[in-house]
Every structure is written in structure tokens, then in C-alpha cells.
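Chain by chain, the residues run as shown.
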Amino acid sequence: MTQEAETATDDVRVVFQAGVKDILVAETQRLGAKNALVLSTPQQSDAALEMAETLGELAAGVFCQAAMHTPVTVTEAAMAHAKEVAADCIISIGGGSTIGLGKAIAYRTGLPQIVIPTTYAGSEATPILGQTENGIKTTLSHPEVLPEVILYDPERIATLPVAMTVTSALNAMAHAAEALYARDRTEKTVHLAIDGLKAFVDGLPRVLAAPTDLTARAETQRGAWACGTVLGQVGMALHHKLCHTLGGSFDLPHAETHAIVLPHAIAYNARAAATELLPICDLLGGENAGRALYDFAQKLGAPLALRDLGLKEEDLDRAAELATTKPYPNPQPVTRDDIRALLQAAWAGTPPAH
């Protein structure tokens, strides 16, 4: 059954439905598109080809080279392909890498987007685009970046491996956690953030117990939508700055990096925003939100150490320098020495300092 969500803007159509293939043609036609280009990573090329087959004569083809951190070189290749096939719509099936590529094309061309998320990253619900060029990741926000249609299908996420399920969920929860103390937060965004966190705290253990439970998967997808939507409404702070630095400059995997850094960044900011972060303690127990997230991640079997992702200890000085070069709003004052100590703990995988 189709269920449309209340969205942050009238410009986005959000549908929760198992069996998204059954409505893809109708959703494409709703946009007035006749030549849709389907995007994916190389790993999800079969899913892209399946969607193109479902579209039939409405498919312009597929481009299956989406990559982590949205490299500008890949975007340029995809743009050339889109022009060659005269694409009038982008359909992205996948996680943050594919969705990011679709957004990058839309930003440059104004083409409408349909997104079928297969992870919990939440990028599909934001007007934010992160791109990497010459080893530096930058972000921008623009109305053209926000997809016109989001199709959440629990069947498409039921096969997400358990390890990726955990890291992707923690990535989404990071958006909501930072939204709790965002400088521009409102009562509405705080409620949305709490709803997103609760959906994962309640639904994720059920998903891990039965990964193909579509009811549990649907609950976590609603959490992803809430966390992604709030990400697009308020400013992020230290956690996201650190993850962009580590991902863009050291090529670390996106979701795993978020999962590892989150407890440390939240513990750091709990020094100044303990009251704002109390909802995390209410959901997970404990008295420090960062430690509560660390214990939750550990119980889920999430990665805990940046060194396990390939980051070298000698890289920590440069990472701290990059992460503190440009000032940005954060509840707790940011200093190079403090961030260097935070990164050391995250690198080693030890519990965050209170």
C-alpha cells in the first residue's frame, strides 16, 4: 500500500511502499519524463539494469560508476553520458554514493530526480551535496539538489548486509544527534530528530534479529527519512566536519567513519550541550550521550576504531589541522589539541572521553 509522508517541503513526494517496481513507471510519467537515466555503483549494477528493464521505453540507459564522496571526475563522466542519451530525468538506486551523483547532475542540469534508497544514509531527503575534488570534500546546499521523488521500499533494503545496516543506521542517527544542539534548531526539528533516533533504537535490534523483516525495515526507513529531513533543515557541527575531513582527505568509507566518530563527537559536545543531548540518554540509558552511543554501537557490532579502516596514526595530526582550519558553529569550542585527542581515541577505538 502506498503511504505518503508529511515532508518538509511541498516540492518533495515521499512514498513508502514494498514493491517499488510496481509504481516506478507511473512515478516517472508523473514527472513528465520520457528518457530516464538510471544510476548506481558498480556493485549495484544489477539493480540499475532491473530498473531500466522495468522502465522499458522510458529508460535512456544506465550509468553504473557512482563512487564514494562524489568525485567531480565521475560526475563529469556521468554528465557526458546523460547528454549523449538526452536524459530528461535521473533515477538513482543505491546509497549515498549514487544519490550524491544524481544530486550533482541535477545541480548542474536541473534534471528531476527519483531516488530509491538502499541504505539509511538519508542523503535523499536533503538539498545538500558533498563533492570531492583534488582530495578535498566540500558541501553546498541548493534547491536543485533536493530530489523530487523519494521511493522507500523495504524490499530494497532487506538484503543490506548486517554490517552495512549497522553503520548506515549510525550514519543516519548522526544527523539527528547533531540536530539536537543545532544553533538554528526549532521545536519541530528537535521532535523530528527524536522521532528518527527512536525509530532506529526501536527498529534496529529487530532488523538485526530478522534482517528480512519488512515491518522492521520499514520502521528504520522512516527513521532514515526523519534523520535525513532534519539534516536538510538545520546546520551540522563538529561530527560532520570531522567525517567530511576524514572521508574527503583520507578516502575513508563514509558510513563506517560516521559510525566510529559519532560517540566521540557527541561526548565532546556534551560538555556544553548535555541538556540538549538528554533525549539520547533517555532512549539509550546512561548519563553521557556520547558514551551511550558508544555502548549502543558496540552492542550492535559496529566498527569502533579508525585504524581498522586504514587510517594511519601519523595522519591524525594532519586530520586535526584540516578539521580546525576554518571556524564553524559548534556548542563546545573547537581547538586543535582537543580535536587531536578526540581523533586519537577514535583511532584507537577506546570509549570517548567525557
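Quick note: structure is the one above.
Remember, predicted model here, so these are calculated numbers, not experimental data.

## Here we look at helix α4 (residues 96–109)
- A rise of 1.5 Å per residue sets the reference length of α4, with its 14 residues, at 20 Å; its end C-alpha atoms lie 20 Å apart and thus fit the reference within 8%.
- The buried fraction of α4 is high, at 10 of 14 residues.
- Along α4, the residues classified as buried are S97, T98, I99, G100, L101, G102, K103, A104, I105 and A106.

## Details of the pattern of salt bridges
- Enumeration over the complete set of coordinates arrives at 11 salt bridges.
- As a salt-bridge pair, R156 and E50 come within 3.0 Å of each other at their nearest N and O atoms. Taken together, the residues R156 in helix α5 (residues 154–157) and E50 in helix α2 (residues 45–55) connect sequence positions 106 residues apart.
- Assessed through its relative accessible area of 27%, E50 is described here as partly exposed.
- The closest approach of N and O atoms between R206 and E219, which form a salt bridge, is 2.3 Å. Of this pair, R206 sits in helix α7 (residues 187–209) while E219 sits in helix α8 (residues 214–231), and the two are 13 residues apart along the sequence.
- Of the residues examined, R206 reaches a relative accessible area of 34% and is grouped as partly exposed.
- Each of D317, E321, R336 and R340 takes part in one network of salt bridges that share partners.

## What about the side chain of R156?
- For R156, a relative accessible area of 19% puts it in the buried group.
- For R156, the side chain forms a polar contact with the side chain of E50, separated by 3.0 Å.

## Some points on unusual backbone geometry
- At H69, a position not held by glycine, the phi torsion is positive, near 65°.
- Relative to the helices and strands, H69 resides in the loop between β4 (59–63) and α3 (72–84).
- The class of H69 is buried, set by a relative accessible area of 8%.
- The backbone phi angle of A86 is positive, close to 55°, even though this residue is not glycine.
- Here A86 lies in the loop between α3 and β5 (89–94).

## What about the packing of aromatic side chains?
- Under the defined criterion, the tally for this structure stands at 2 aromatic pairs.
- Residues F16 and Y152 carry aromatic rings whose centres are separated by 4.9 Å and whose planes lie at 10° to one another, so their mutual orientation is stacked. Here Y152 lies in strand β9 (residues 149–152) and F16 lies in strand β2 (residues 13–16), a separation of 136 residues in the sequence.
- Their ring planes at 85° and their centres at 5.4 Å tell us that Y120 and F200 sit as a pair that is edge-to-face. With Y120 in the loop between β6 (113–117) and β7 (128–133) and F200 in helix α7, this pair connects stretches of sequence that are 80 residues apart.

## Some points on the packing of α7 against α8
- For the pair α7 and α8, interaxial distance at closest approach is 8 Å and the crossing angle is 150°. Compared by their axis directions, α7 and α8 come out roughly antiparallel. As α7 packs across α8, the resulting crossing turns out to be left-handed. Residues T189, L192, A193, G196, L197, A199, F200, D202, G203, L204, R206 and V207 of α7 touch α8, and the partners they reach there are T215, A216, R217, E219, T220, G223, A224, W225, A226, C227, T229 and V230.
- Partitioned by chemical class, the residues of the contact of α7 with α8 number 13 nonpolar, 7 polar and 4 charged.

## Considering the packing of helix α9 (residues 238–250) against helix α10 (residues 254–273)
- Remark: α9 packs on α10, axes separated minimally by 9 Å, with the N-to-C direction vectors making an angle of 145°. In the crossing of α9 with α10, the sense of the turn from one axis to the other is right-handed. Mapping the contact onto sequence places L238, H239, H240, L242, C243 and L246 in α9 and T257, H258, V261, L262, A265, Y268 and N269 in α10.
- Here the residues of the contact of α9 with α10 sort into 8 nonpolar, 5 polar and no charged.

## Some points on the pairing of β5
- Across the 6 residues that make up β5, a large majority, 6, are buried.
- Here strand β3 (residues 36–39) pairs with β5 via 4 bridges, running parallel. Opposite L37, over in β5, you have I90 as the bridge partner.

## What to know about helix α12 (residues 289–300)
- In this model, α12 (12 residues) spans 17 Å end to end at C-alpha, consistent with the 16 Å of a helix rising 1.5 Å per residue.
- For α12, the full list of buried residues reads A289, G290, A292, L293, Y294, F296, A297 and L300.
- Buried-residue contacts for α12 involve α6 (162–179), α7, α10 and α11 (278–284).
- Positive backbone phi, approximately 80°, marks G301, located one or two places after α12.

## Let's talk about the environment of A305
- By the element assignment, A305 lies in the loop between α12 and α13 (316–323).
- A C-alpha to C-alpha distance of 9.5 Å links A305 and A259, two positions 46 residues apart in sequence.
- Ignoring sequence-local partners within four residues, the contact set of A305 consists of I260, A346, W347, A348 and G349.

## Things to note about the state of the cysteines
- This model, assessed by the stated rule, comprises 0 disulfides.
- Free of any disulfide, C89 has its nearest cysteine sulfur in C64, 16 Å distant.

About the cut-offs
- Residues numbered from 1 in each chain as written.
- Predicted model: local features only at pLDDT ≥ 70, side-chain atom pairs only at ≥ 80, totals over all residues.
- Heavy atoms only, no water.
- Helix = DSSP H or I, 4+ residues; strand = E, 2+ residues; numbered from the N terminus.
- Expected span 1.5 Å × (residues − 1).
- Buried < 20%, exposed > 50% of the residue type's maximum accessible area, 1.4 Å probe, protein only.
- Salt bridge = Lys/Arg side-chain N within 4 Å of Asp/Glu carboxyl O.
- Polar contact = N/O pair within 3.5 Å; in protein donor to acceptor, adjacent residues only side chain to side chain.
- Phe/Tyr/Trp six-rings, centres within 6.5 Å; stacked < 30°, edge-to-face > 60°.
- Axes fitted to C-alpha atoms, helices over the stretch in contact; angles between N-to-C directions.
- Parallel < 35°, antiparallel > 145°, perpendicular 65-115°, else oblique.
- Left-handed = near helix turned anticlockwise from the far one by under 90°.
- Contact = heavy atoms within 4.5 Å.
- Nonpolar A, V, L, I, M, F, W, Y, C, P; charged D, E, K, R; others polar.
- Pairing = 2+ DSSP bridges.
- Disulfide = S-S within 2.5 Å.

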